[in-house]
Amino acid sequence: MMLLTGILLILLVLVCGWQGLTIFFSLGLNFVVIILALVLVAGGFEPLIVSGLLSLILLATSIFMNTKQPLTAKTAFVTSLIVVVGLLLIIIVPLSQLAATYGFGAEDAEEIEGFGLAIGLSFQKISIMMIILGSLGAIAETSIAVASGLVEILEYDAQMGPKQLFKAGIAIGEKIIATAFNTLFFSFFGSFLSLTMWFIQLGYPISKIVNHKILIGEGLALLIGVIGVIATVPLTSWLLNYFRKPKDE
């Protein structure tokens, strides 16, 4: 880990210059914040409140520390917050309740048999917290990419109308959505490849595998992340148009 961390730092400096140090520092800061959030939740603090504060801090450090262009940073930050809150209220909480994928699976029974589960924490809220954290990165990345592309267009054509700029944002987003979906999908598939192979070797029927609690929970997180990415594209395009109006007028 130390060796890979050193290689990461060297490559960031070589590719990004001194900005690479800022990126590396923001990564370290985000890691510390996540550990602190886990300690707070384990200590009895409300997971959803901790998730909200954690989202604000992670988005602020990831976007404002690594994005020099003010319009890009402002648009990406506001967009990410709106999408995350919208997903939380409209999709994540209801689905988490209906799917009931939180907690442990049947395969964990032997390992946790000697432990008490009355730890005073809501596994559903912890599951919601995990989904939010898993979606943040993809949403923020998409918003920054679309906003950066539109700001670059405005530098060459500052008089471009709102409709044309919005269409340009959608065109940029179309290319990002496919890449983001593949990234999330391959990450999901790679994480559960060994578990899936184990199920197959044990003779699990396909119906049981695709309906397994763990796989369904991660599959829902994957789909929610993709939905968030898709919603980010038009919202980023609209907000960038909105935020640039005072400057143009």
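Nothing here was measured: the structure is a model prediction, and the numbers come from that model.

Peer 1: Summarise the overall build of the protein; cite the residues concerned and give the values.
Peer 2: From N to C terminus, the protein includes 10 helices and 0 strands. Helices and strands appear in the protein in the N-to-C order α-α-α-α-α-α-α-α-α-α. By residue count, 35% of the 249 residues in the protein fall in the buried class. For the protein, the proportion of contacts with a sequence separation of at least 24, taken over those separated by at least 6, is 75%. Carbon together with sulfur atoms contributes 72% to the accessible area of the protein, which is approximately 14700 Å² in total.

Peer 1: Which residues make up the packing of helix H1 (residues 2–16) against helix H2 (residues 19–42), and what are the values?
Peer 2: Put simply, H1 and H2 touch, their axes get as near as 7 Å, and they point 145° apart. Residues Thr5, Leu8, Leu9, Leu12, Val13 and Cys16 of H1 lie in contact with H2, whose contacting residues are Gln19, Gly20, Leu21, Ile23, Phe24 and Leu27. Grouping the constituent residues of the contact of H1 with H2 by class yields 9 nonpolar, 3 polar and no charged.

Peer 1: For the side chain of Thr75, give the residues involved together with the corresponding values.
Peer 2: As for its position among the elements, Thr75 is in helix H4 (residues 70–99). Judged by relative accessible area, Thr75 falls into the buried class, the value being 0%. From its side chain, Thr75 meets the backbone oxygen of Leu71 in a polar contact 2.8 Å long. Not counting the four nearest positions on each side in its chain, Thr75 is found in contact with Ser143, Ala147, Thr236, Leu239, Leu240 and Phe243.

Peer 1: Give me the packing of aromatic side chains: which residues, what numbers.
Peer 2: Using the criterion set out here, one finds 3 aromatic pairs in the structure. Aromatic side chains Phe64 and Phe77 sit 5.2 Å apart centroid to centroid with 55° between the ring planes, which places their arrangement in the tilted category. Of the two residues, Phe64 sits in helix H3 (residues 47–64) while Phe77 sits in helix H4, which places them 13 residues apart along the sequence. With 5.6 Å between their ring centres and 10° between their planes, Trp238 and Tyr242 make a pair best called stacked. Pair noted here: Trp238 and Tyr242 are both in helix H10 (residues 213–248), with a separation of 4 residues, about one helical turn. Note on Trp238: relative accessible area 48%, which makes it partly exposed. Taking relative accessible area as the criterion, Tyr242 reaches 46% and is therefore assigned partly exposed. Three or more aromatic residues joined by ring pairs make a cluster, and in this case those are Trp238, Tyr242 and Phe243.

Peer 1: Break down the layout of surface pockets for me, with residues and values.
Peer 2: Put simply, the second largest pocket is a space of about 330 Å³. Together, 15 residues line the second largest pocket, and Asn30, Leu58, Ser62, Leu136 and Gly137 are the ones closest to its centre. Taken together, the elements giving at least two residues each to the lining of the second largest pocket come down to H2, H3 and helix H6 (123–156). Broken down by element, the lining of the second largest pocket gets its largest block of residues, 6 residues, from H6. In terms of residue class, the lining of the second largest pocket is made up of 9 nonpolar, 5 polar and 1 charged.

Peer 1: Outline H1, supporting the account with residue identities and numerical values.
Peer 2: Helix length check: H1 (15 residues) gives 21 Å between terminal C-alpha atoms against 21 Å at 1.5 Å per residue, within 8%. Looking one or two residues beyond H1, the residue adopting positive phi is Gly17, at roughly 70°.

Peer 1: Tell me about the packing of H2 against H3, residues and numbers included.
Peer 2: Look at H2 against H3: their axes get within 10 Å of each other, and the N-to-C directions meet at 175°. By the angle between their axes, H2 is roughly antiparallel relative to H3. Contacts from Ser26, Leu29, Asn30, Val33, Ile34, Ala37, Leu40 and Val41 in H2 reach Pro47, Val50, Leu54, Ile57, Leu58, Thr61 and Ser62 in H3.

Peer 1: Can you break down the confidence of the model for the protein residue by residue, with the values?
Peer 2: Chain-level pLDDT for the protein is 80 on average; 88% of the residues reach the 70-or-more range. Confidence, read as mean pLDDT per element, is least for helix H5 (residues 109–112) in the protein (56) and greatest for H1 (89).

Peer 1: An account of the nonpolar core is needed here, citing residue identities and associated values.
Peer 2: By size, the foremost hydrophobic cluster in this structure holds 24 residues, and its most contacted members are Ile63, Leu87 and Ile92. Sequence-distant contacts of Ile92, defined by excluding residues within four places in its chain, comprise Leu87, Ile128, Ile131, Ile132 and Ile224. By size, the runner-up hydrophobic cluster in this structure holds 14 residues, among which are Ala147, Leu165, Ala168 and Val233.

Peer 1: Can you lay out the environment of Ser55 for me, pointing to particular residues and giving the numbers?
Peer 2: Along the chain, Ser55 turns up in helix H3. A distance of 2.8 Å separates a polar side-chain atom of Ser55 from the backbone oxygen of Ser51.

Peer 1: Explain the side chain of Ser26 residue by residue, including any values.
Peer 2: Relative to the helices and strands, Ser26 is located in helix H2. Beyond its immediate stretch of four places on either side in the chain, Ser26 contacts Thr61, Met65 and Asn66.

Peer 1: Provide a residue-level description of a nonpolar patch on the surface, including the pertinent values.
Peer 2: A surface patch of nonpolar side chains, amounting to about 760 Å² of accessible area, comprises Leu3, Leu4, Ile7, Ile10, Leu11, Leu14 and Val15. Mapped onto the elements, Ile10 comes out in helix H1.

Rules used in this analysis
- Residues numbered from 1 in each chain as written.
- Predicted model: local features only at pLDDT ≥ 70, side-chain atom pairs only at ≥ 80, totals over all residues.
- Heavy atoms only, no water.
- Helix = DSSP H or I, 4+ residues; strand = E, 2+ residues; numbered from the N terminus.
- Buried < 20%, exposed > 50% of the residue type's maximum accessible area, 1.4 Å probe, protein only.
- Contact = heavy atoms within 4.5 Å.
- Areas by Shrake-Rupley, 256 points an atom, 1.4 Å probe, with all protein chains shown as cover.
- Axes fitted to C-alpha atoms, helices over the stretch in contact; angles between N-to-C directions.
- Nonpolar A, V, L, I, M, F, W, Y, C, P; charged D, E, K, R; others polar.
- Polar contact = N/O pair within 3.5 Å; in protein donor to acceptor, adjacent residues only side chain to side chain.
- Phe/Tyr/Trp six-rings, centres within 6.5 Å; stacked < 30°, edge-to-face > 60°.
- 1 Å grid on protein atoms, 1.4 Å probe; cavity = no way out; pocket = protein on both sides within 12 Å on 5 of 7 lines; lining within 4 Å.
- Points joined across faces, edges and corners; volume = space filled by probe spheres on them.
- Expected span 1.5 Å × (residues − 1).
- Parallel < 35°, antiparallel > 145°, perpendicular 65-115°, else oblique.
- pLDDT = per-residue confidence, 0-100.
- Core = buried A, V, L, I, M, F, W, Y, C linked by side-chain atoms within 4.5 Å.
- Patch = residues over 30% accessible without salt bridge, like charges linked within 9 Å, V, L, I, M, F, W, Y side chains within 5 Å.
- Salt bridge = Lys/Arg side-chain N within 4 Å of Asp/Glu carboxyl O.

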